[in-house]
Amino acid sequence: MTGDYEIPVFKRKWVQLIEEFGIEDKPWVINMYEEKHMWATAYLRGKFFAGFRTTSRCEGLHSVVGRYVGSRYDLTSFVEHFQRCVAHMCFNEFNADYEFTRGVPVMQTCIELLERYAAELYTHEIFLFFRPFLSRAGSMRVLNIDNTDDCIKYIVCKHGRPDFTWTVDFRQEEMIFMCTCLRMESFGIPCEHIVKVLVDRDIREIPRSMVLDRWTKKVKSALNDPSGFTRDAVVISRQSALVEFSKQLAAVATKVPERYEETHDLIMGLYSSYKVADEGDNQPHSGVARSSNPYVHPTTGGSGQPSKKKKRQRCSVCQMEGHKKTTCPWQKDIDNNVIENEAIGSDDGDMCTEATTELDSDS
């Protein structure tokens with residue numbers, strides 16, 4: 001039923017099936033065969049569903065929502081818990097976006113150039129789906145090449161099986177490939193027959209005509225915000241991941257005063273060190289800041305005396321200059337957060353801990 005067969009192979013296997021079990025005359029079997037174009041994979045080729053073939057995806061989504069929402073919830077509770085469900089689903093997406101930026105998978109096929117290009121182009125899941133096509137392309141061979149006015153036809157078969165053939169049409173001007181197996185049209189990625197033609201023509205990158213933007217890593221960076229600036233998907237995913245981790249850390253750290261003080265000192269220390277490092281990177285180099293007068297030392301004024309710099313006041317909370325603890329904006333935010341956490345109580349902490357446990361079980 002779900003086998004990825006050619007139509008002649010499907011018909012032959014269907015005949016073998018009904019003869020083996022002796023169900024040639026069953027009305028249900030006859031009716032199912034008449035409606036084969038509605039359920040058989042062989043007859044659904046060339047139609048793109050983006051992975052949605054059955055109701056299993058919807059049923060899986062229902063099961064995830066059921067972990068957060070109960071049938072006895074009122075409207076307010078439903079919205080609150082459903083928002084938690086959506087937040088954790090977004091967190092999983094941001095986590096996946098961050099993971100695919102952390103390196104390139106190990107190459108496993110003999111077509112290393114195409115495999116490496118696919119690993120850099122596709123998302124991790126789509127790359128794992130595409131890699132078997134690269135492996136199977138090694139067992140293919142080109143039987144014949146027919147040059148016509150419109151395109152070049154490649155007859156491809158399996159090694160040692162010349163009776164199973166596929167035809168790949170290649171239009172060189174548009175760099176368009178079309179195969180009779182229709183897997184490209186069905187899944188949105190090149191089949192092993194097209195990959196074999198790419199290798200035969202020494203093409204080291206997947207042509208743009210065969211790349212769906214929805215399967216690539218850069219699909220989110222193509223979305224523009226209202227201001228017209230292109231968003232950096234990597235930075236956005238990192239920020240969102242840190243925000244979620246910070247919420248989970250805050251839920252645990254604010255319960256105990258010692259934990260709160262330790263977490264506060266660590267966060268402020270990291271912030272101060274990163275801020276100083278960024279300001280140091282933005283300072284002009286010594287060669288640029290020097291005076292144009294060769295007789296004046298860079299560290300002295302025109303009189304030759306060292307310039308005296310007034311020591312600026314430094315805040316004891318954020319370690320930044322220009323203000324003190326009583327006027328520190330960070331101290332105001334910290335005090336407001338402490339007041340909110342004390343008002344909310346420990347219920348939210350238990351809720352976040354429970355959600356974290358569920359998130360770990362989901363992953």
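Analysis parameters
- Residues numbered from 1 in each chain as written.
- Predicted model: local features only at pLDDT ≥ 70, side-chain atom pairs only at ≥ 80, totals over all residues.
- Heavy atoms only, no water.
- UniProt positions renumbered as here; feature names shortened; annotations may be inferred.
- Helix = DSSP H or I, 4+ residues; strand = E, 2+ residues; numbered from the N terminus.
- Phe/Tyr/Trp six-rings, centres within 6.5 Å; stacked < 30°, edge-to-face > 60°.
- Buried < 20%, exposed > 50% of the residue type's maximum accessible area, 1.4 Å probe, protein only.
- Lys NZ or Arg CZ within 6 Å of the ring centre and 35° of its normal.
- Expected span 1.5 Å × (residues − 1).
- Arc of directions from axis to C-beta.
- Contact = heavy atoms within 4.5 Å.
- Pairing = 2+ DSSP bridges.
- Axes fitted to C-alpha atoms, helices over the stretch in contact; angles between N-to-C directions.
- pLDDT = per-residue confidence, 0-100.
- Parallel < 35°, antiparallel > 145°, perpendicular 65-115°, else oblique.
- Left-handed = near helix turned anticlockwise from the far one by under 90°.
- Salt bridge = Lys/Arg side-chain N within 4 Å of Asp/Glu carboxyl O.

Named according to an unreviewed UniProt entry, the chain is Protein FAR1-RELATED SEQUENCE originating from Arachis hypogaea. Under Sequence similarities (unreviewed entry), UniProt gives the following word-for-word description of the chain: "Belongs to the FHY3/FAR1 family."

Draft legend 1. Spatial organisation of the UniProt feature "domain: SWIM-type" (unreviewed entry) in the chain. Mapped onto the present numbering, the UniProt feature "domain: SWIM-type" (unreviewed entry) falls on residues 164-202. Along residues 164-202 the backbone is 36% helical and 31% strand, and the end-to-end C-alpha distance reaches 24 Å.

Draft legend 2. How the structure looks around the packing of aromatic side chains. Scanning the entire structure with this criterion turns up 13 aromatic pairs. Aromatic side chains Phe129 and Phe187 sit 5.7 Å apart centroid to centroid with 85° between the ring planes, which places their arrangement in the edge-to-face category. Placement of the pair is Phe129 in helix H6 (residues 124-137) and Phe187 in helix H7 (residues 183-187), with a sequence separation of 58 residues. Judged by its relative accessible area of 29%, Phe187 is partly exposed. In textbook terms, an aromatic cluster arises when at least three aromatic residues are bridged by ring pairs, as seen for Phe10, Trp14, Tyr33, Trp39 and Tyr43. Just above the ring of Phe133 sits the side chain of Arg136; from NZ or CZ to the centre is 4.8 Å. Lying over the aromatic face of Trp215, Arg214 brings its terminal NZ or CZ to 5.5 Å of the ring centre.

Draft legend 3. Helix H1 (residues 7-21), seen in detail. Helix length check: H1, at 15 residues, gives a terminal C-alpha distance of 22 Å against a target of 21 Å (1.5 Å per residue), a fit within 8%. Buried within H1 we find Val9, Phe10, Trp14 and Ile18. All buried residues of H1 project into a common sector of 155° when viewed along the axis, lining one side. Seen from the buried face of H1, the exposed residues on the opposite side, beyond 90 degrees, are Pro8, Glu19 and Glu20. On its buried face, H1 is in contact with helix H2 (27-34) and strand S3 (161-171). In the stretch just after H1, Gly22 is the one whose phi turns positive, near 65°.

Draft legend 4. Spatial organisation of the sheet that holds strand S1 (residues 140-147). Sheet architecture is open: four strands sit in the order S1-S2-S3-S4, paired in antiparallel fashion. Looking at strand neighbours, the two that pair on one side only are S1 and strand S4 (176-179), the edges of this open sheet. Strand-to-strand twist across the sheet, computed as the mean angle between neighbouring axes with direction ignored, equals 25°. With four bridges connecting them, S3 and S4 associate as antiparallel partners.

Draft legend 5. Spatial organisation of the confidence of the model for the chain. The predicted model of the chain averages 76 in pLDDT, with 70% of residues at 70 or higher. Per-element mean pLDDT across the chain ranges from 41 in helix H11 (residues 286-289) up to 93 in helix H8 (residues 192-200). Long-range and interchain partners of residues 284-309, a stretch whose pLDDT sits below 50, account for seven contacts in this model, where long-range means more than four residues apart. This model gives residues 341-363 a pLDDT under 50, and the stretch forms 20 contacts once residues within four places in sequence are excluded.

Draft legend 6. Focus on the packing of H6 against H8. Relative orientation of the contacting elements H6 and H8 amounts to 60°, with a least axis distance of 8 Å. The angle between the axes of H6 and H8 places the two elements in the oblique class. For the pair H6 and H8, the crossing hand works out as right-handed. In this structure, H6 uses Phe130, Phe133, Leu134, Arg136 and Ala137 to contact H8, whose residues at the interface are Glu192, Val195 and Lys196.

Draft legend 7. Structural view of the pattern of salt bridges. Evaluation of the coordinates by the stated rule reveals nine salt bridges. Here Arg131 makes a salt bridge to Glu115, at a shortest N to O gap of 3.4 Å. Of this pair, Arg131 sits in helix H6 while Glu115 sits in helix H5 (residues 112-121), and the two are 16 residues apart along the sequence. Residue classification places Arg131 among the buried residues on the basis of a relative accessible area of 12%.

Draft legend 8. Representation of the pairing of S1. Of the strand pairs in this sheet, S1 and strand S2 (residues 152-158) are connected by seven bridges, and their pairing is antiparallel. The partner of Asn147 across the bridge, within S2, is Ile152. Linking two consecutive strands that pair antiparallel, namely S1 and S2, is a turn of four residues.

Draft legend 9. Representation of unusual backbone geometry. Of note in the backbone geometry, Leu182 takes a positive phi value of approximately 60° without being a glycine. Inspection of the secondary structure puts Leu182 in the loop between S4 and H7. Its relative accessible area of 31% is what places Leu182 among the partly exposed residues. One non-glycine residue, Asp202, lies in positive phi territory at about 60°. Of note, Asp202 is situated in the loop between H8 and helix H9 (233-253). Overall, the relative accessible area of 52% leaves Asp202 in the exposed class.

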